[in-house]
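In case you want the letters, here they are:
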Amino acid sequence: MASTVVKLYDYLSADLPPELRKWHVTEEEIQESLALLGRDHAALRAVEQAREGDSLRCRDGQGRTVLLYPGRGLAKEAEDACLGKRPGEGFSCRLGERDVSLIVEEILRLEPHPVDGGLVKLAGIEGVEDLAAYRAWYVKENDPKKRLEAAREIARRFWENIRERSELAMDQAERDHWCGVRGKMLYDSMVENGRDPHIPDEGTELLSDEEALKQMVDYQERFYRDYVLLRHIAQQDGYTYTRELFDQEMAEYIAAHREQLEAAGQDLNRAFTDDDFLMKSEGAYMNYAYGLLTRAAEQYLED
Amino acid sequence: MVYEATTANYDEQLKAAEFVVVDYYGDHCGACVYLAPFFQEAANDMPFIRFVKINISQHWEIGQRYSIRGVPTLKFFRNGQEVHQAMGGMERERLNGEIARMLYKDYLEV
């Protein structure tokens, strides 16, 4: 038996904010990209007196390098103390937990490249030699990405509504098995990566191995609900992730990454189990269903 | 600027400056994409520090050598020695905090 979706929320009828319909590149974004390009191609100039925004290389009493970046807030007291100082000049300040004496060795100032045709040429974009061409290129490059981002944002809203407003009929046996497999997989992964699964969600008394695993398994229920919904959405559209598809994908993945996997000590001759297939199906249904929701979202976008 | 490292020139990148920050990133990594503009911004804004990135989906030998468990991972080096590391997508403020740990490690304890 499998859990089923009794009622899938009618996400196509969702009332969405009108600003989500917008997706075209704006003039503001073009200007920001040119400003960023100007900073990428900034010139560094040695200067004689430090001000906010400059970068200082100093030396402490033990000859160690101390870098200061006034205005960036990495070490505020020291950054304030170095303002107005010149190369060769010494000053004292608080740095971290210590009082230090520093000597300024070098001060550099960034000067962004002016936004002009010269900057555009430095970007090295084929066929783009002036600002007008840059604008056209930027729109052509980024409009499709922005359209996709906007569609994905609407798809996320669809999904939030589906999760909150759909009704499921839970099959306890399938739920227990799915959560058990996923929970054990994540428990083992935590242990392998040196993270302690015995820390409780509440309270301070460490959990036993059995309790820790149960905590991890119970935590999976929210993901199991998502899995049931995503599977339903995909299967309603005619897609079912089969064992044959799984076996084919695994064979292709191993073939493409054999050297890397062998170097990592992976057993490439291990037979994949039904539980491996079950966990992979989660990603397969997620990808399919999100793709479906994204395509549905496109009808909401402005022309 | 951010220097793109490869397996071939990775060691050379670590020796190129006293302070080096390396972003180990991977393909299909949303957190890596999130971090990238802040990393670029810091690189533009902080001369004297070398900012390096390396795609360990492509240069997986480097990922293995440095035991990179997840992406993005940032490692902070001084004179070629690792000072500390940080993981996950982060905004400029947190990135600045991690850079400060590298720069002022000698002064953070009484």
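On a predicted model such as this, the values are computed, not experimentally measured, just so you know.

Looking at this structure, I do not really get the overall build of chain A. What am I missing?
For chain A, the count of helices and strands is 9 helices and 7 strands. In chain A, buried positions account for 37% of the 303 residues. Sequence separation of 24 or more characterises 70% of the internal contacts of chain A that already satisfy a separation of 6 or more.

Would you explain the overall build of chain B in this entry?
Along chain B, the regular secondary structure elements total 4 helices and 5 strands. Counting helices and strands in the order they occur from the N terminus, chain B gives β-α-β-α-β-α-β-β-α. Across the 110 residues that make up chain B, the buried fraction comes to 53%. Considering only intrachain contacts with a sequence separation of at least 6, the fraction spanning at least 24 residues in chain B is 69%.

Help me out: how do you make sense of the packing of aromatic side chains in this one?
In this description, an aromatic ring pair is defined by two values, namely the gap between the centres and the angle between the planes. Overall, the coordinates contain 22 aromatic pairs over all chains when judged by the stated rule. Centre to centre, the rings of W137(A) and Y138(A) are 6.3 Å apart; their planes meet at 65°, and the pair counts as edge-to-face. Where F246(A) meets F272(A), the ring centres are 5.6 Å apart and the plane angle is 80°; that geometry is what we call edge-to-face. Note that F246(A) is positioned in helix α8 (residues 243–263) and F272(A) in the loop between α8 and α9 (274–297), a separation of 26 residues in sequence. Here F246(A) falls in the buried class, since its relative accessible area comes to 1%. By relative accessible area, which is 28% here, F272(A) ends up partly exposed. Following the ring pairs from residue to residue traces out a cluster consisting of W178(A), Y224(A), Y227(A), Y239(A), Y285(A) and Y288(A). The lysine or arginine in question, R147(A), covers the ring of W23(A), its NZ or CZ lying 5.0 Å from the ring centre. A cation over an aromatic ring shows up here: R50(B) above the ring of Y3(B), its NZ or CZ 3.7 Å from the ring centre.

Sorry, what's going on with the sheet that holds strand β4 (residues 73–78) of chain B here?
For sheets, the rule is that strands pair by backbone hydrogen bonds, running either parallel or antiparallel. Residues and elements named next belong to chain B. Strands sit in the order β1-β3-β2-β4-β5 across an open sheet of 5 strands; the sheet is mixed. Each having just a single partner strand, β1 (2–4) and β5 (81–87) make up the two edges of the open sheet. The sheet shows a mean angle of 25° between the axes of neighbouring strands, direction not considered. The sheet contact formed by strand β2 (residues 19–25) and strand β3 (residues 49–55) spans 7 bridges and is parallel. When the sheet's bridge partners are listed, V22 is paired in β3 with V52. Where helix α2 (residues 30–45) meets the sheet, it contacts β1, β2, β3 and β4, and its direction lies at approximately 160° from that of β2. Together, β2, β3, β4 and β5 form the strand contacts of helix α4 (residues 92–103), whose direction differs from that of β5 by roughly 160°.

Sorry, what's going on with the confidence of the model for chain B here?
Atom-level detail of predicted coordinates should not be read off regions where pLDDT is low. All names here are of chain B. Mean pLDDT over chain B stands at 92; residues scoring 70 or higher make up 99%. Highest mean pLDDT in chain B belongs to β2 (97); lowest belongs to helix α3 (residues 60–65) (87). Model confidence for the complex: the whole-complex pTM is 0.68, and ipTM, which rates the interface, is 0.95.

Sorry, what's going on with the interface of chain B and chain A here?
A common way to report how large an interface is uses the accessible area buried once the components associate. Of the residues lining the interface, 25 residues belong to chain B; the matching set on chain A comes to 31 residues. At the boundary of chain B with chain A, total buried surface from both sides reaches about 2500 Å², with 59% on carbon and sulfur atoms. If you look at where chain B meets chain A, you find 2 salt bridges. In this structure, D45(B) engages R72(A) in a salt bridge whose closest nitrogen and oxygen atoms are separated by 2.9 Å. Seen at the junction of chain B and chain A, the total is 11 residue pairs in polar contact (both at pLDDT 80 or more). In terms of residue count, α4(B) provides more of the side of chain B that touches chain A than any other element does, 5 residues in total.

Is there a simple way to explain the nonpolar core in this structure?
One broad trend across soluble globular proteins is that nonpolar side chains are buried collectively. I154(A) and F158(A) are the most contacted members of the largest nonpolar core, which has 42 residues in total. Elements supplying a minimum of two residues to this core: α4 (131–165), α5 (172–192), α7 (221–236), α8 and α9 of chain A. In terms of residue count, α9(A) provides more of this core than any other element does, 10 residues in total. Those residues in contact with I154(A) that lie beyond four places of it in its chain are L16(A), L20(A), A297(A), Y300(A) and L301(A). Of all hydrophobic cores here, the second largest spans 40 residues; its members include V47(A), V66(A), V104(A) and F76(B).

Criteria and thresholds
- Residues numbered from 1 in each chain as written.
- Chains lettered and ligands numbered in written order.
- Predicted model: local features only at pLDDT ≥ 70, side-chain atom pairs only at ≥ 80, totals over all residues.
- Heavy atoms only, no water.
- Helix = DSSP H or I, 4+ residues; strand = E, 2+ residues; numbered from the N terminus.
- Buried < 20%, exposed > 50% of the residue type's maximum accessible area, 1.4 Å probe, protein only.
- Contact = heavy atoms within 4.5 Å.
- Phe/Tyr/Trp six-rings, centres within 6.5 Å; stacked < 30°, edge-to-face > 60°.
- Lys NZ or Arg CZ within 6 Å of the ring centre and 35° of its normal.
- Pairing = 2+ DSSP bridges.
- Axes fitted to C-alpha atoms, helices over the stretch in contact; angles between N-to-C directions.
- pLDDT = per-residue confidence, 0-100.
- Buried area = accessible area lost by both parts, 1.4 Å probe.
- Salt bridge = Lys/Arg side-chain N within 4 Å of Asp/Glu carboxyl O.
- Polar contact = N/O pair within 3.5 Å; in protein donor to acceptor, adjacent residues only side chain to side chain.
- Core = buried A, V, L, I, M, F, W, Y, C linked by side-chain atoms within 4.5 Å.

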